[in-house]
Amino acid sequence: MTFLAPVGNDAGAGGGGESDRFLPSEIPMALLDPAGRVLPSSELAMPPADVLLELYRQMVLGRRFDSQATALTKQGRLAVYPSARGQEACEIGAVLALRPQDWLFPTYRDSMAIVARGVDPVEALTLLRGDWHCGYDPYVHNVAPQCTPLATNTVHAVGLAHAARIKGEDTVALVMLGDGGTSEGDTHEALNFAAVWKAPVVFLIQNNGYAISVPLSKQTAAPSLAHKGIGYGVRSVKIDGNDPAAVYATVDAAIRSAAAGDGPVLIEAITYRIEAHTNADDASRYRDPAEVQAWLARDPVSRLRAHLTERGLLDDDAVAAIESAAEDRAGELRRRMNVDSELDPADLFRYVYAAQTPALARQARELAEEIDRAEEQR
Amino acid sequence: MTMTAERDAVAAAKPTSITMAAALNRALADALSQDETVLVFGEDVGTLGGVFRVTDGLAATFGQSRVFDTPLAESAIVGTAIGMAMNGLRPAVEMQFDAFAYPAFEQITSHLAKLHNRTRGRVSLPIVIRIPYGGGIGGVEHHCDSSEAYYTHTPGLRVVTPGTPSDAYALLRQAIECPDPVIFLEPKRRYWSKETAVLDHRSSTVDRAVVRRSGTDVTLIAYGGTVATAMEAAEAARQDGRSVEVIDLRSLSPFDDETVVASLRRTGRAVVVHEASQFGGYGAEVAARLSEQCFHYLEAPILRVAGFDIPYPPPKLEQHHLPSVDRILDAFDRLQWEDTSTLERRST
């Protein structure tokens with residue numbers, strides 16, 4: 001694909017030709033307009049019908065999972081939940097483009113992506129439930145642990161991907177970050193290291209307009225977030241992040257290119273966070289409801305549904321069947337999350353080191369005795 | 001046993017005079033040759049061989065894919081090491097100087113130290129972060145920090161510092177083999193100190209302290225750069241008629257209570273010495289935990305000989321800051337030898 005032409009980095013500073021130094025398109029690249037009509041694109045290839053149908057199905061499942069998780073916070077079953085409603089095209093489009101051997105490095109807003117990757121939803125919500133660990137085994141689905149510091153996962157992704165190259169393995173790391181995360185130093189160090197090492201990494205920036213309350217205009221003076229990659233010699237593109245076909249096509253091409261040894265790719269996907277930052281946030285303090293309404297008209301799920309329906313690939317029965325499956329899964333999640341999780345305080349001392357130190361064994365014992373005494377007194 | 005291993009074993013069995021820097025270089029070389037997952041990287045560690053030459057010749061021997069220079073960004077050095085370890089490699093990375101490691105602090109404290117716990121042991125990070133630390137080399141600001149307390153205060157990290165060349169070799173080899181992340185603090189003013197020794201991988205144990213010199217009157221606790229100073233002080237004290245036991249902690253975290261407590265219960269007096277500032281410093285933890293475990297054996301409060309609570313001074317003044325033999329001897333004098341009431345109480 002032309003938009004991912006390799007950057008020459010042997011001829012002194014920076015890229016080779018003029019075309020390497022700028023974005024292939026200043027307008028976000030897209031395959032579908034907000035009404036689901038096909039847009040002419042010389043850069044992106046429309047994914048095949050089966051992929052589009054799977055994108056749709058997973059986005060519906062993902063959205064229902066997301067709304068169920070938000071509901072669980074209101075019932076006190078989750079400590080906090082950062083919703084990704086409105087960002088389904090990025091969450092699902094990126095994950096479906098990954099191959100089994102590839103790795104996903106998510107942020108705390110990417111529970112939907114983690115579940116789409118195959119992680120059990122209850123395990124995916126463990127950290128947000130208020131537990132001390134991430135819930136899932138990262139090596140089962142190649143999904144790095146969620147955690148709350150932002151952009152620190154970018155350098156982990158670069159390291160993992162570079163190690164794969166050293167070991168001769170065909171693995172690409174996809175790291176997710178947001179517009180706010182692009183201001184963190186680790187993002188810049190990661191882009192630079194990835195470019196210098198030609199590490200097979202795809203940086204997916206979901207630019208949803210706000211870092212909690214801070215709008216993009218207060219976050220950066222750059223022409224776009226994609227431009228930040230250009231300075232490091234990272235091939236960078238800007239896409240419509242609410243177009244699931246475009247997200248899938250772009251991530252898919254980026255993964256193939258990175259796997260072929262052409263180096264990292266940065267994708268800025270323009271999207272919007274429909275909900276507040278988390279259930280604990282009040283978005284009315286910093287943004288106009290009219291803005292949300294305007295973005296609802298660009299909804300990724302209805303966009304793809306319109307496109308598939310128009311092409312005759314999806315009918316009302318199929319839509320109903322997918323929604324019913326989503327409802328079943330939400331019910332199952334509700335049922336499982338309504339069971340109190342058992343936390344063993346002794347576990348807090350168990351995994352600090354590979355083998356428990358004598359001092360930690362003593363502290364674990366002291367805490368256990370303290371708990372026993374308290375229970376006796378009750 | 002391979003030919004090379006055999007040759008190394010024979011060579012290692014013969015005592016040789018070696019500096020700490022050379023012993024560290026040898027440890028890295030042996031680890032690289034015995035385990036193909038070991039990597040060495042950092043700023044200037046490749047072609048140049050490191051600013052202290054600890055990695056001298058390694059890139060030429062083991063190739064640029066295993067020993068390499070990185071861009072100048074410490075957070076990414078540690079962060080990418082984490083990603084590499086997640087993918088089965090064992091990076092031994094270098095922070096060029098103590099204070100240059102601070103940009104990596106978030107990666108070290110929030111991720112390196114915690115990923116094993118966060119994943120209930122699924123993710124192991126067998127990473128060594130080598131940090132030349134401390135003063136005494138006439139370095140300018142940011143080149144002489146003793147930053148050990150920042151790391152020892154973080155659960156999940158092991159913090160190790162050698163005091164001798166043979167320990168430098170053994171402890172670094174074991175740190176690289178260790179499944180936990182290890183902050184490996186190298187006392188840079190001892191890089192060129194020599195010892196005639198057999199370099200043996202198993203000659204010391206990474207999480208145990210060692211009695212460097214036996215004595216009966218005072219336990220003098222030191223580590224890293226202050227071990228040699230402590231040995232000098234013990235010798236000087238002998239001439240004053242005091243028998244000083246010197247303990248080299250080696251592992252700052254975890255702390256070897258057993259060895260140190262046993263010594264203090266014998267001597268009844270202790271002084272802990274370090275270059276780092278005293279307030280909130282590592283010596284405070286040592287004094288507190290020993291008081292808790294040895295209170296009834298103590299003849300005097302545990303004293304600290306430490307750096308002043310000031311930013312590290314410039315080269316022309318650093319001799320006033322660093323714990324000296326005289327300052328340690330002064331501390332010995334303040335251990336309440338004249339307090340006869342304890343003697344009377346003991347004799348009854």
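Quick caveat, the model's predicted, so the values are computed rather than measured.

Quick look at the overall build of chain B now. Of regular secondary structure, chain B possesses 14 helices and 14 strands. With the C-alpha coordinates aligned to their principal axes, the bounding extent of chain B is approximately 70 × 45 × 45 Å. Counting over 348 residues, chain B shows a buried share of 53%. Sequence separation of 24 or more characterises 79% of the internal contacts of chain B that already satisfy a separation of 6 or more.

Right, let's get into the packing of helix α1 (residues 49-74) of chain A against helix α2 (residues 88-97) of chain A. Residue and element names in this part refer to chain A. Between α1 and α2, the shortest axis-to-axis distance is 9 Å and the interhelical angle comes to 130°. Judged by the inter-axis angle, α1 sits oblique to α2. When you trace α1 past α2, the crossing you get is right-handed. Residues V51, E54, L55, Q58, M59, G62 and R63 of α1 lie in contact with α2, whose contacting residues are E88, E91, I92, G93 and L96.

Here the focus is the environment of A258 of chain A. Residues and elements named next belong to chain A. You can see A258 is positioned in helix α11 (residues 244-262). A C-alpha to C-alpha distance of 6.5 Å links A258 and V201, two positions 57 residues apart in sequence. Those residues within four positions of A258 in sequence are excluded, and the remaining contacts are V172, P200, V201, V202, G263, P264 and V265.

Before going further, it helps to spend a moment on the nonpolar core. Ranked by internal contacts, the top residues of the largest apolar core, which has 205 residues, are L174, V202 and I267 of chain A together with L220 of chain B. It is α11 of chain A that contributes the most residues to this core, 10 residues altogether. Not counting residues up to four positions away in its chain, the partners in contact with L174 of chain A are A94, L98, D102, W103, L104, F105, V202, L204 and V251 of chain A.

In this section: the interface of chain A and chain B. At the junction of the two partners, chain A supplies 32 residues and chain B supplies 35 residues. Residue assignment for the side of chain A that touches chain B shows that the elements contributing at least two residues are α6 (138-141), α7 (152-167) and α8 (185-197) of chain A. No other element matches the 11 residues that α7 of chain A contributes to the side of chain A that touches chain B. Classifying every residue of the side of chain A that touches chain B gives 21 nonpolar, 8 polar and 3 charged.

Model confidence for chain A is summarised by a mean pLDDT of 94, while 95% of its residues fall at 70 or above. Every residue in residues 9-19 of chain A is under pLDDT 50, and counting partners more than four places away or in other chains gives 11 contacts.

Turning our attention to the domain arrangement of chain B. Residues and elements named next belong to chain B. Entries for chain B in the domain assignment read domain 1 (3-197) and domain 2 (210-347). Using C-alpha coordinates to define each centre, domain 1 is positioned 28 Å away from domain 2. Counted by class, the side of domain 1 that touches domain 2 contains 10 nonpolar, 10 polar and 7 charged residues.

A few words now on the sheet that holds strand β11 (residues 244-248) of chain B. Residue and element names in this part refer to chain B. Overall, mixed pairing links the 5 strands, which are arranged β9-β11-β10-β13-β14 in an open sheet. Of all the strands in the sheet, the pair left with one neighbour each is β9 (210-213) and β14 (303-307). Strand-to-strand twist of the sheet, defined as the mean angle between neighbouring strand axes without regard to direction, takes the value 25°. Sheet topology places strand β10 (residues 218-222) next to strand β13 (residues 270-277); 3 bridges connect them, and they run parallel. Each residue of the ladder has a partner; that of L220, found in β13, is V271.

Attention now goes to the pairing of β14 of chain B. Residue and element names in this part refer to chain B. Among the 5 residues that make up β14, 5 are buried, leaving the element largely enclosed by the rest of the structure. The sheet contact formed by β13 and β14 spans 4 bridges and is parallel. Within β14, the residue paired with V273 across the bridge is V305. Handedness of the crossover joining β13 and β14 through helix α11 (residues 282-294) is recorded here as right-handed.

What follows is about the domain arrangement of chain A. Interfaces are often sized by the accessible area lost when the parts come together. Along its sequence, chain A is organised into domain 1 (2-343) and domain 2 (345-378). Here domain 1 of chain A and domain 2 of chain A have C-alpha centroids that lie 40 Å from each other.

The next point concerns the sheet that holds strand β7 (residues 265-270) of chain A. Residue and element names in this part refer to chain A. Taken together, 5 strands build an open sheet; the order of strands is β1-β2-β3-β7-β6 and the sheet is parallel. Across the chains shown, the open sheet's two edge strands, defined by having one partner strand only, are β1 (103-105) and β6 (235-240). With direction set aside, neighbouring strand axes in the sheet form an average angle of 20°. Sheet analysis places β1 next to strand β2 (residues 173-178), joined by 3 bridges and oriented parallel. By the bridge assignment, L104 is partnered in β2 with L174. Along the sheet face, α2 touches β1, β2, β3 (201-207) and β7 and points at about 165° away from the line of β3.

We now examine the environment of A144 of chain A. Residue and element names in this part refer to chain A. Tracing the backbone through its elements, the reader meets A144 in the loop between α6 and α7. The spacing of A144 and I92 is 52 residues in sequence and 17 Å in space, taken between C-alpha atoms. The contacts of A144, once residues within four sequence positions are left out, are W103, L104, F105, P106, P138, N153 and H156.

As a further point, take the confidence of the model for chain B. Residues and elements named next belong to chain B. Scored by pLDDT, chain B comes out at a mean of 94, with 94% of its residues at no less than 70. Scored below 50 in pLDDT, residues 1-7 shows 2 contacts in the model against residues more than four places distant or in partner chains. Reported for the predicted complex are a pTM of 0.95 and an ipTM of 0.95.

Residues and elements named next belong to chain A. The topology assignment puts L360 in helix α15 (residues 358-377). As a C-alpha pair, L360 and F349 span 11 residues in sequence and 6.1 Å in three-dimensional space. When sequence neighbours within four positions are dropped, the list of residues in contact with L360 reads F349 and V352.

This part is about the packing of α1 of chain A against α11 of chain A. All names here are of chain A. Running from amino to carboxyl end, α1 crosses α11 at an angle of 115°, the nearest separation of the two axes being 10 Å. Comparing the axis directions of α1 and α11 gives the class roughly perpendicular. For α1 against α11, the interelement crossing comes out right-handed. Within the contact between the two elements, α1 uses V51, L52, L55 and M59 and α11 uses P244, A245 and Y248. When its residues are assigned to classes, the contact of α1 with α11 shows 7 nonpolar, no polar and no charged.

This part covers helix α2 (residues 20-34) of chain B. Residue and element names in this part refer to chain B. Here α2 is 15 residues long and its end C-alpha atoms lie 21 Å apart, about the 21 Å a rise of 1.5 Å per residue gives. In terms of residue burial, α2 counts as a mostly covered element, since 12 of its 15 residues are buried. Along α2, the positions that sit buried rather than exposed are M20, A21, A22, A23, L24, N25, R26, A27, L28, D30, A31 and L32.

Attention now moves to α11 of chain B. Residues and elements named next belong to chain B. For α11, with 13 residues, the first-to-last C-alpha span of 18 Å sits near the 18 Å given by 1.5 Å per residue. Where α11 is concerned, the buried positions are Y282, G283, V286, L290 and C294. The buried residues of α11 occupy an angular sector of 95° when projected down its axis, which confines them to one face. Exposed residues lying more than 90 degrees from the buried face of α11 are A288 and E292. Buried-residue contacts for α11 involve α7 (148-152), β10, β12 (251-253), α10 (257-267), β13 and β14.

Definitions and limits used
Residues numbered from 1 in each chain as written. Chains lettered and ligands numbered in written order. Predicted model: local features only at pLDDT ≥ 70, side-chain atom pairs only at ≥ 80, totals over all residues. Helix = DSSP H or I, 4+ residues; strand = E, 2+ residues; numbered from the N terminus. Buried ≥ 20, exposed ≤ 12 C-beta atoms within 10 Å, placed from the backbone. Contact = placed C-beta atoms within 7 Å. Axes fitted to C-alpha atoms, helices over the stretch in contact; angles between N-to-C directions. Parallel < 35°, antiparallel > 145°, perpendicular 65-115°, else oblique. Left-handed = near helix turned anticlockwise from the far one by under 90°. Core = buried A, V, L, I, M, F, W, Y, C linked by C-beta atoms within 7 Å. Nonpolar A, V, L, I, M, F, W, Y, C, P; charged D, E, K, R; others polar. pLDDT = per-residue confidence, 0-100. Domains from an automatic or database assignment. Pairing = 2+ DSSP bridges. Right-handed = clockwise from strand over helix to strand, strands pointing away. Expected span 1.5 Å × (residues − 1). Arc of directions from axis to C-beta.

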